[in-house]
Amino acid sequence: MSWPTRLVSRVHDWLTRRKMERVFGRRVDAFSYGSDPYERARQDAVATAAAERPVRHVLELGCGEGFLTERLASCCSRVTAVDISPTALARARGRLARHGGQAAAGDRVAFVEANIRSWAPPSAGFDLIVASDVLNYLGERYQGLPLVQEPEFLLWLERLAGWLAPDGRLLLAHGYVGPAERQGRVAYRTRLERLGLVLEREWEAGAGLHPSGAACLLSLLRKSDEPRRGGLQAAR
């Protein structure tokens, strides 16, 4: 990794951590996940897709205050939930302790404070990985940040795909407003397809429920047994 890439990534990571701590420090339910109709529709769509088939172990990236974590714990045997904000994670633990029943006992839900850009699970083999409104924080090209980060973003996506079990699924769920942002969300999925994942389906949730006109694009991809063609070069 070149020094400009390392420098930009470190600055961006520091800014992201500071931003998340500032946002979560303002109030409980900082992103209105528990009250906003659009956010509830987005979580409903993710939880419904997660429950379509048995899941032994799900990885949730960017779990925040645990609203979706609680839903995943109700339909998955084990949950590993990662977030960069200690304030958000403290609330997530408290939420599951109050509402999660057996899921809060520690044997089913593990919370991890980490930067997902540099974190790696102790072992791979997740049946499901959920990335909901999180890839946009990694600083890829569609957020107007330096293109020097694009190679690192592709390397990270390749690592992400490698964390899946055979036939494991990756669920992307990212909000957007307008055609340009939607194209950025589609680009997450197309990069992963070029890295060998297979798109099972793509749909939208929450349209018309937010004053901004936001909708959520969901892409469900599967790890294929077929040989990968092109790798990182194809994903560029």
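As a reminder, the structure under discussion sits directly above these lines.
These notes cover the structure that comes with them.

Procedures and definitions
- Residue positions are given per chain, counted from 1 along the sequence in the order it is written.
- Where local features are concerned, this predicted model is filtered to residues with pLDDT of at least 70; where side-chain atom pairs are given and counted, the filter is 80 or more; whole-chain, interface and lining totals use all residues.
- Remark: hydrogens and water are excluded; side-chain values derive from all non-hydrogen atoms of the structure.
- Residue types Ala, Val, Leu, Ile, Met, Phe, Trp, Tyr and Cys, when buried and joined through side-chain atoms within 4.5 Å, form a set referred to as a nonpolar core.
- Think of it in three bands: with a 1.4 Å probe and only protein chains considered, a residue is buried below 20% of the maximum accessible area for its type, exposed above 50%, and partly exposed in between.
- Helix and strand definitions here come from DSSP, where helices need a minimum of 4 consecutive H or I residues and strands a minimum of 2 consecutive E residues; each element is numbered from the N-terminal end.
- Any two residues whose heavy atoms approach within 4.5 Å are treated as being in contact.
- The salt bridge criterion pairs a side-chain nitrogen of Lys or Arg with a carboxyl oxygen of Asp or Glu, the two atoms within 4 Å.

**Things to note about the nonpolar core**
Here comes step 1: In terms of nonpolar packing, the biggest core is built from 28 residues, with Val58, Val79, Phe111 and Leu218 touching the most fellow members.
Here comes step 2: In terms of residue count, the dominant contributor to this core is helix 2 (residues 37-50) (5 residues).
Here comes step 3: When near neighbours in sequence (up to four residues on either side) are disregarded, Phe111 contacts Cys63, Thr69, Ala81, Leu89, Ala92, Arg93 and Leu96.
Here comes step 4: In terms of nonpolar packing, the next biggest core, distinct from the first, is built from 27 residues, Ala114, Ala161, Trp163 and Leu164 among them.

**As for the pattern of salt bridges**
Here comes step 1: Scanning the model with the defined rule gives 17 salt bridges in all.
Here comes step 2: In this structure, Arg42 engages Glu39 in a salt bridge whose closest nitrogen and oxygen atoms are separated by 2.7 Å. Placement of the pair is Arg42 and Glu39 together in helix 2, with a separation of 3 residues, close to one helical turn.
Here comes step 3: On the basis of relative accessibility, which here comes to 3%, the residue Arg42 falls in the buried class.
Here comes step 4: By relative accessible area, Glu39 is classed as buried at 10%.
Here comes step 5: A salt bridge links Asp167 to Arg53, with the shortest nitrogen-to-oxygen separation between them at 3.5 Å. Here Asp167 is found in strand 5 (residues 164-176), whereas its partner Arg53 is found in the loop between helix 2 and strand 1 (55-61), with 114 residues between them in sequence.
Here comes step 6: A relative accessible area of 34% places Asp167 in the partly exposed class.

Everything listed here is a matter of geometry and, on its own, says nothing about what the molecule does.
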